[in-house]
Amino acid sequence: MSSKKTHGDATEGSTLEDDLITIAKEIIRKTYGDVASKLFEYLLENEYIAEEKIVNNVEVRSNEARKILQKLSDEAIVTPDKVRDGSEILHVWRLNKLALRTFIINRLKKTREKLEALLKYENEGVIYECKTCKRRFLVDEAYANGFQCPHDNDILVEVNNPTTSSNLRDLIKRIDNIISKIERS
Ligand SMILES: [Zn+2]
């Protein structure tokens, strides 16, 4: 397998391993924040991360790191272990690549479902958009917020933009490609 790193489109010209890591980084950063993303990158380069050495190895506060490792462990992305280091026993976390794969597939499928729903509403012309922040809402979300944006209180207006529909279709196609690539491997 080529170890050449490629950037840009995750569905073309890059290895599956690269794609998975790129996607995983993005999902972990968005879901758990920058500290999680630092820990994850460290785990990609190293066999494990020791709780006793978090501050030395990654520049994050160890309390915060522990909390995040616990969350990642709830998703089985990391698993706890113990390692002897001279006279010391270290409490370590290892990356669980198999669980990571499942985690990514599940997230992608959820995103795909959301996009499908958006596309459906978009085709029916019942998408609401905030003119200030451009966030989009399904009709039930817009209704629940009194047709006001929950972020800046601007009024939500109905939009039906054909370019958005085709963007959504493209996005769904890309996600499908990635999912089938991962599932075939
Ligand atoms: Zn807004």
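Residues numbered from 1 in each chain as written. Predicted model: local features only at pLDDT ≥ 70, side-chain atom pairs only at ≥ 80, totals over all residues.

Participant: Tell me what's going on with the sheet that holds strand 2 (residues 78-85), and back it up with residues and numbers.
Facilitator: Picture the strands of a sheet paired through backbone hydrogen bonds; they go either parallel or antiparallel. Ordered in space as 1-3-2, the 3 strands form an open sheet in which the pairing is antiparallel. Sheet topology places strand 1 (49-50) and strand 2 at the edges, where each strand pairs with a single neighbour. Two strands pair when backbone bridges link them, and strand 2 and strand 3 (residues 88-95) are joined in this way by 8 bridges, in the antiparallel orientation. Bridge pairing in strand 3 links Pro80 to Trp93. (Pairing = 2+ DSSP bridges. Helix = DSSP H or I, 4+ residues; strand = E, 2+ residues; numbered from the N terminus.)

Participant: Describe unusual backbone geometry, listing the residues and the values that go with them.
Facilitator: One non-glycine residue, Phe147, adopts positive backbone phi at about 55°. Among the secondary structure elements, Phe147 is positioned in the loop between helix 6 (139-144) and strand 6 (156-159). The class of Phe147 is partly exposed, set by 14 C-beta atoms lying within 10 Å. Not every positive phi belongs to a glycine, and Asn153 is a case in point at roughly 65°. The class for Asn153 is exposed, based on 11 C-beta atoms found within 10 Å. (Buried ≥ 20, exposed ≤ 12 C-beta atoms within 10 Å, placed from the backbone.)

Participant: Go over helix 5 (residues 97-124), please, and point to the residues and values.
Facilitator: Look at helix 5: 41 Å from first C-alpha to last across 28 residues, which is about the 40 Å you get at 1.5 Å a residue. Of the residues making up helix 5, those classed as buried are Leu100, Ile104 and Glu122. (Expected span 1.5 Å × (residues − 1).)

Participant: An account of the environment of Asp18 is requested, with residue identities and associated values reported.
Facilitator: Within the secondary structure, Asp18 is located in helix 1 (residues 16-32). Along the sequence, Asp18 and Cys130 sit 112 residues apart, while their C-alpha atoms lie 36 Å from each other.

Participant: Which residues make up the sheet that holds strand 4 (residues 127-130), and what values go with them?
Facilitator: In spatial order, the strands read 5-4-6; together these 3 strands make up an open sheet with antiparallel pairing. Both outer strands of the open sheet, strand 5 (136-138) and strand 6, are each paired with one neighbouring strand and no more. Sheet twist, expressed as the mean angle between neighbouring strand axes with direction ignored, is 40°. As defined by bridge partners, strand 4 adjoins strand 5 across 3 bridges and the pair is classed as antiparallel. (Axes fitted to C-alpha atoms, helices over the stretch in contact; angles between N-to-C directions.)

Participant: Hey, could you go over the nonpolar core for me, with residue numbers and the actual values?
Facilitator: If you look at the biggest cluster of nonpolar residues, it comprises 20 residues, and the most contacted ones within it are Leu39, Leu69 and Val78. Only helix 1, helix 2 (34-45), helix 4 (62-74), strand 3 and helix 5 provide two or more residues apiece to this core. With residues up to four places along the chain from it excluded, the contact list for Leu69 reads Leu39, Val78 and Trp93. Ranked by size, the runner-up nonpolar core spans 7 residues in total, among them Cys130, Ala142, Cys149 and Leu156. (Core = buried A, V, L, I, M, F, W, Y, C linked by C-beta atoms within 7 Å. Contact = placed C-beta atoms within 7 Å.)

Remember, this is a structural readout, not a statement about activity or role.
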